[in-house]
Each structure stands twice: as structure tokens, then as C-alpha cells.
Amino acid sequence: MTNKLMTIEELHGILVSCAGGEEFAAAHGDIAETSLNDLGYDSLALIETAARLKVDHGVVIPDEQITEVGTLGELLGLVNDSLTAQLDG
């Protein structure tokens, strides 16, 4: 488990590894407000990402919630909210 907040680059790396394709790694610059669909991530990639976040970082995001996330920035907010709750808890 981590003791710090996650960066957008770290989260994007997890998405890339869960999506299984290096073509998704090509996204660069300010991708926080870019649609996850535009970045090439579907609901399966997001569900796999949620599972990885739970195992590696103790972050729990229900499938129903993660599939509603529209941007990487929104997902990062959910992840860091959970991490903050862990740090405060």
C-alpha cells in the first residue's frame, strides 16, 4: 500500500498496463480532461484498473462507479480521495 497521493502519470501507467497495449502510452501532455474513450480505454480496461488499484494500493472503487468515470482526472480524484481517507484513517 502507498503512503502518498497518486500522480496522473502513475495512474496512466496503471491504465496502460491494464489495457495491455503500448499504443495507449503515446498519450502525453495534459491528458487529465481528455475522455477516457478518446484515450482508447473501455469499461473492461477500467474494471481491470480498479482491480489493480485495490490489490496494489488498497483503493476500492466499485465497478458501477468506475465505469461512469469520464476522464483520467476524474479517476485520479476518486483514487486520491480513497488514498486520503486511508491516510486520515
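Residues numbered from 1 in each chain as written. Predicted model: local features only at pLDDT ≥ 70, side-chain atom pairs only at ≥ 80, totals over all residues. Heavy atoms only, no water.

Draft legend 1. Here's a closer look at the pattern of salt bridges. Scanning the entire structure with this criterion turns up 1 salt bridge. Between Glu10 and Lys4 there is a salt bridge, and its shortest N-O distance comes to 2.8 Å. (Salt bridge = Lys/Arg side-chain N within 4 Å of Asp/Glu carboxyl O.)

Draft legend 2. Broad picture of helix α2 (residues 43–57). Along its 15 residues, α2 runs 20 Å from first to last C-alpha, staying within 8% of the 21 Å computed at 1.5 Å per residue. Those residues of α2 that sit buried are Ala45, Leu46, Thr49, Ala50, Leu53 and His57. Within α2, the buried residues cover an arc of 145° as seen down the axis, which keeps them to one side. Among the exposed residues of α2, those oriented more than 90 degrees off its buried face are Leu44, Lys54 and Val55. On the buried face of α2, the contacting elements are α1 (8–19), α3 (63–66) and α4 (72–88). Sitting at the head of α2, Asp42 places a side-chain oxygen 3.3 Å from the backbone nitrogen of Leu44. Looking at the residues trailing α2, positive phi occurs at Gly58, about 70°. (Helix = DSSP H or I, 4+ residues; strand = E, 2+ residues; numbered from the N terminus. Expected span 1.5 Å × (residues − 1). Buried < 20%, exposed > 50% of the residue type's maximum accessible area, 1.4 Å probe, protein only. Arc of directions from axis to C-beta. Contact = heavy atoms within 4.5 Å. Polar contact = N/O pair within 3.5 Å; in protein donor to acceptor, adjacent residues only side chain to side chain.)

Draft legend 3. A look at the environment of Leu15. Within the secondary structure layout, Leu15 lies in helix α1. For Leu15, a relative accessible area of 0% puts it in the buried group. For the pair Leu15 and Glu48, spaced 33 residues apart in the sequence, the C-alpha separation amounts to 8.4 Å.

Draft legend 4. Inspection of the environment of Leu11 at higher detail. Checked against the element boundaries, Leu11 lands in helix α1. Classification of Leu11 by relative accessible area gives buried; the value is 0%. For the pair Leu11 and Val79, spaced 68 residues apart in sequence, the C-alpha separation works out to 8.8 Å. Excluding anything up to four places from it in sequence, Leu11 contacts Met6, Leu53, Leu72, Leu75, Leu76 and Val79.

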